[in-house]
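# Analysis of the macromolecular model
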2 protein chains.
Amino acid sequence: MTIRTERRNDALSKERIVQAAIDILDGEGEGALTFRALARRLATGSGAIYWHIADKDALLAAATDDVVTQAMSGGAMSGGSMSDGGGDGVEPREAIRVIALGIFDAIDAHPWVGAQFSRAPWQPAMLRVFEAIGGRLWALGVPEAAWFNAWSALVTYIFGAATQNAANARLQAPGTDRSAALADIAGGWARLDPAQYPFLRQVAPQLGAHDDREQFLAGVDLILAGIGTVKGKSPPA
Amino acid sequence: MTIRTERRNDALSKERIVQAAIDILDGEGEGALTFRALARRLATGSGAIYWHIADKDALLAAATDDVVTQAMSGGAMSGGSMSDGGGDGVEPREAIRVIALGIFDAIDAHPWVGAQFSRAPWQPAMLRVFEAIGGRLWALGVPEAAWFNAWSALVTYIFGAATQNAANARLQAPGTDRSAALADIAGGWARLDPAQYPFLRQVAPQLGAHDDREQFLAGVDLILAGIGTVKGKSPPA
DNA sequence: ACCTGAACACCGTTCAAGT
DNA sequence: ACCTGAACACCGTTCAAGT
């Protein structure tokens, strides 16, 4: 007697399709993701994909949701949204930094996610990020009147900065050296007209030498410092 | 004797092509900008456009540069980049707010510009924005060690927030009511699981009622306040 | 020098036809 | 229920041919 597996291992499914799409996006770039390429990789017809996924937008949305969910699954990012101040042992400012860096690194590793945000905010996985940030603001003791604007500024900065960073990375030809490209731009700034661009000339060396993650975190810290001036008290010991 | 005009008034030129592209982008959306549609509007062949512009990326870059240049031509945004503190009578923080709002409004009016930033930062018109912000930081008396990070955080937030705002606007069907769509999302947040999403439930009413420009400016102010804590002195009177 | 428009090599999406 | 792959209606870009 033969025991049939209820499903062939290689049966098409939304999960398999989304994973194949992520593989293509990461490995060959956004331009390489076509239904024909996807069908070839899955050894099926291009039309079969439409049985499982509505269209290309839905495919990109599902792939993005996957990546963000992954990024949020780190231990430091769950829990701690209690209004009593957290209670999971992580200082709220530090927790916000960890969440922010998690998003930054995830988008850096999957640059196409950045472009996707513009087309589909309010995705389910995003809600978990939003809540995690908001919960830490409660734990920080930010006064109620400032909740919404403080939360909005943080979330906007985190996703905006991560997206811009990834876009810069995507601009480069796949094999080229990132720091060399940056040095090129910094060199261009250093040669700008001193009368018109005194500031950019001054900061050109720092542009060429900066670390992206540190620069990103410095921005998060500036916003946190600004939020601190609203409540007017120092962080809890 | 006949005096020939050196150029027919309707002769093709990069300027005319870019303007026609902007008209299409603003009036019919990003999906409507094709070389065929552009050629039809300019009463020429689709191939003629390639004589004046390298490809579609260059066309979008030129259109974006136009819009940003326009946004920066406002009087309050020029000058004032002297290290002696400005001297054009506008308080630096207020000048930064004006510049930021100018960018925000320009991208709000031309939402496609937001999507374009990801593909081409470092555009010439952008440099003027970058310099204008940096110059005001000097005027604010920010210490040298903080120049780069403070500048970077401001510029990142301004373009990131403006882009995200425009993307949200673009998501909606052209005819629909913006506040109704926001109320829908806010309603969704209000119905989230209280155990998992206490923060989002709390701020849902503010999400539905907020003013986008005010929210944006509040973020700029938070960063400026954070920058203030770095230098540790109050703004000059 | 500048313009024309057919041709080429692609797309996303649909759908009759298969199993 | 799920899959196939040809067909449809598009794209951006090129290029021989015109003026």
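Every value quoted in this text rests on a predicted model; they were computed, and no experiment measured them. Each chain carries its own residue numbering, running from 1 in the written order of its sequence. Chains and ligands are labelled sequentially in the order written, the chains with letters from A and the ligands with numbers from 1. Since the coordinates come from a predicted model, pLDDT governs what is reported: local features require at least 70, and pairs of side-chain atoms require 80 or more to be given and counted, while whole-chain, interface and lining totals use all residues. Only hydrogens and water are removed before side-chain values are computed, so all heavy atoms of the structure are retained for them.

### Examining the overall build of chain A
Selection criterion: Here a strand is any run of E in DSSP of at least two residues, a helix any run of H or I of at least four, and the numbering for each starts at the N terminus. A 1.4 Å probe rolled over the protein chains alone gives each residue an accessible area, and that area as a share of the maximum for its type sets the label: buried under 20%, exposed over 50%, partly exposed in between. The contact criterion used is simple: two residues touch if any of their non-hydrogen atoms lie within 4.5 Å. For accessible areas, the Shrake-Rupley method is used with a probe of radius 1.4 Å. Any residue's cover is judged against the shown protein chains and nothing else.
On a plain count of helices and strands, chain A comes out with 11 helices and zero strands. Its helices and strands taken in sequence order, chain A reads α-α-α-α-α-α-α-α-α-α-α from the N to the C terminus. Per-residue burial for chain A yields a buried fraction of 50% across its 237 residues. Excluding contacts between residues fewer than 6 apart, the proportion of contacts in chain A whose partners are at least 24 apart in sequence is 70%. Surface exposure of chain A reaches about 11300 Å², of which carbon and sulfur atoms provide 53%.

### As for the protein's contact with DNA strand C
Under the convention used in this document: Any residue with a heavy atom lying within 4 Å of a molecule or strand is counted as near it. We define a polar contact as two N or O atoms separated by no more than 3.5 Å, with the added condition that, inside protein, one atom must be a possible hydrogen donor and the other a possible acceptor, whereas residues neighbouring each other in sequence contribute only through side-chain atom pairs. Amino acid classes used here: Ala, Val, Leu, Ile, Met, Phe, Trp, Tyr, Cys and Pro are nonpolar; Asp, Glu, Lys and Arg are charged; the rest, including Gly, are polar.
Within the structure, DNA strand C sits among 19 residues, and Arg36(A), Lys56(A), Thr44(B), Gly47(B) and His52(B) are positioned closest to it. Sugar and phosphate atoms form 52% of the subset of DNA strand C atoms that lie within 4 Å of the protein. Within the side chain of Trp51(B), an N or O atom sits 3.4 Å from a phosphate oxygen of DNA strand C. Of all the elements in the fold, those that place two or more residues in the surface near DNA strand C are helix H2 (35-41) of chain A together with helix H3 (49-52) of chain B. For the surface near DNA strand C, the residue count by class is six nonpolar, eight polar and five charged.

### Looking at the environment of Val129(B)
Residue and element names in this part refer to chain B. Locating Val129 in the fold gives a position in helix H7 (residues 124-140). In this structure, the C-alpha to C-alpha distance between Val129 and Val155, residues 26 residues apart in sequence, is 8.5 Å. For Val129, the contacting residues outside a window of four places in its chain are Val68, Met72, Ile99, Ile103 and Phe159.

### Some remarks on the UniProt feature "DNA-binding region" (unreviewed entry) in chain A
Formally: UniProt positions are given in the numbering used here, feature names are shortened, and annotations may be inferred rather than shown by experiment.
Cross-referencing UniProt, the feature "DNA-binding region" (unreviewed entry) maps to residues 34-53 of chain A in the present numbering. For residues 34-53 of chain A, the helix share is 55%, the strand share is 0%, and the end-to-end C-alpha distance is 14 Å.

### Examining the packing of aromatic side chains
Residue and element names in this part refer to chain A. The condition is simple: By convention, a stacked pair of Phe, Tyr or Trp rings (six-membered ring in the case of Trp) has centres within 6.5 Å and planes under 30 degrees apart, an edge-to-face pair has planes over 60 apart, and any other such pair is tilted.
The final tally for this structure, using the stated rule, is 28 aromatic pairs over all chains. Between Phe117 and Phe159 the ring centres are 4.8 Å apart and the planes differ by 85°, which places this aromatic pair in the edge-to-face class. On the criterion of sequence distance, the pair formed by Phe117 in helix H6 (residues 112-119) and Phe159 in helix H8 (residues 147-171) is long-range, its members being 42 residues apart. The two residues Phe117 and Phe159 agree in class, both being buried. Relative to Phe216, the ring of Tyr157 lies with its centre 5.7 Å away and its plane at 15°, an arrangement referred to as stacked. Remark: Phe216 occurs in helix H11 (residues 212-231) and Tyr157 occurs in helix H8; sequence separation between them is 59 residues.

### What to know about the protein's contact with DNA strand D
Within the structure, DNA strand D sits among 19 residues, and Thr44(A), Gly47(A), His52(A), Arg36(B) and Lys56(B) are positioned closest to it. A breakdown of the atoms of DNA strand D within 4 Å of the protein gives sugar and phosphate a share of 53%. At 3.5 Å, a backbone N or O of Gly47(A) approaches a base oxygen of DNA strand D. Within the side chain of Lys56(B), an N or O atom sits 2.7 Å from a phosphate oxygen of DNA strand D. Of all the elements in the fold, those that place two or more residues in the surface near DNA strand D are helix H3 (49-52) of chain A together with helix H2 (35-41) of chain B. Residues belonging to the surface near DNA strand D are distributed by class as follows: six nonpolar, eight polar and five charged.

### Observations regarding the interface of chain B and chain A
Stated precisely, the cut-off is as follows: Once two parts are joined, some of their accessible surface, as seen by a 1.4 Å probe, is lost; buried area is that loss totalled over both. Note on definitions: salt bridges are taken to be side-chain nitrogens of Lys or Arg within 4 Å of carboxyl oxygens of Asp or Glu.
Counting residues at the interface gives 52 residues for chain B and 52 residues for chain A. Summed over both sides, the interface of chain B with chain A buries roughly 4900 Å², with 73% coming from carbon and sulfur. Run the count over chain B and chain A and you get zero salt bridges. Counting across the interface, chain B meets chain A through eight residue pairs in polar contact (both at pLDDT 80 or more).

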